[in-house]
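Inside the fold
Each chain, letter by letter, is given below.
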Amino acid sequence: MIMKKIPMRKCIGCGEQKPKKELIRVVKNKEDEVFVDFTGKANGRGAYICKDKKCFDQAIKKNAFNRAFETQIDNSVFDALKEKLDDHE
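No experiment lies behind these values; they were computed from the predicted model shown. (Residues numbered from 1 in each chain as written. Predicted model: local features only at pLDDT ≥ 70, side-chain atom pairs only at ≥ 80, totals over all residues. Heavy atoms only, no water.)

Digging into unusual backbone geometry
Residues other than glycine seldom take positive phi values, yet Asp32 does so here, at roughly 60 degrees. Its place among the elements puts Asp32 in the loop between β3 (23-28) and β4 (34-37). A relative accessible area of 54% means that Asp32 is categorised as exposed. Of note, Asn63 is a non-glycine position whose phi angle comes to about 60 degrees, a positive value. Position of Asn63 among the secondary structure elements: in the loop between α1 (53-61) and α2 (64-69). Overall, Asn63 belongs to the partly exposed group, its relative accessible area being 42%. (Helix = DSSP H or I, 4+ residues; strand = E, 2+ residues; numbered from the N terminus. Buried < 20%, exposed > 50% of the residue type's maximum accessible area, 1.4 Å probe, protein only.)

Observations regarding the sheet that holds β4
Strand order in the open sheet formed by three strands is β4-β3-β5, with antiparallel pairing between adjacent strands. In this open sheet, the two edge strands, each paired with only one partner strand, are β4 and β5 (45-50). Direction aside, neighbouring strands of the sheet carry axes that sit 30 degrees apart on average. Bridge count for β3 against β5 is six bridges, and the pairing is antiparallel. (Pairing = 2+ DSSP bridges. Axes fitted to C-alpha atoms, helices over the stretch in contact; angles between N-to-C directions.)

Describing the pattern of salt bridges
Using the criterion set out here, one finds two salt bridges in the structure. Measuring nitrogen to oxygen at the nearest pair gives 2.8 Å for the salt bridge that ties Arg25 to Asp37. Taken together, the residues Arg25 in strand β3 and Asp37 in strand β4 connect sequence positions twelve residues apart. Comparing Arg25 with Asp37, the two get one shared label, buried. Salt-bridge contacts for Lys28 lead to Asp32; the nearest nitrogen and oxygen are separated by 3.5 Å. (Salt bridge = Lys/Arg side-chain N within 4 Å of Asp/Glu carboxyl O.)

Some thoughts on the packing of aromatic side chains
Per the counting criterion, the structure on display carries two aromatic pairs. Ring geometry for Phe56 and Phe78: centres 6.4 Å apart, planes at 70 degrees, overall edge-to-face. One end of the pair, Phe56, is in helix α1; the other, Phe78, is in helix α3 (residues 75-88), with 22 residues separating them in the sequence. You'll find Phe56 and Phe78 in the same group, each marked buried. (Phe/Tyr/Trp six-rings, centres within 6.5 Å; stacked < 30°, edge-to-face > 60°.)

Thoughts on α1
When α1 is considered as a whole, its buried residues turn out to be Cys55, Phe56 and Ala59. Looking down the long axis of α1, one finds its buried residues gathered within 100 degrees of arc, a one-sided arrangement. Facing away from the buried side of α1 by over 90 degrees, the exposed positions are Lys54 and Lys61. Trailing α1 by a residue or two, Asn63 shows a phi angle of about 60 degrees, which is positive. (Arc of directions from axis to C-beta.)

These values are about where atoms sit, not about what they do.
Below, the structure written as structure tokens:
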């Protein structure tokens, strides 16, 4: 039996490599809209973060989202992400 490869992604908060399914994806599309991708399949540049508030706070402190997408991100995106993290705890 062949083992299926598990896609790994790096959290922009803590820097740890984790399976893609364990992370939340944030996307910037061609129209420069940044949003939380709940499906994990939206078109655009993606950045991943753990489902942990510590990683989120660390990413905000390091400006990791702004650097990953090379743009200034609106606070509404951070609010949506924080709400998603609240649901997981």
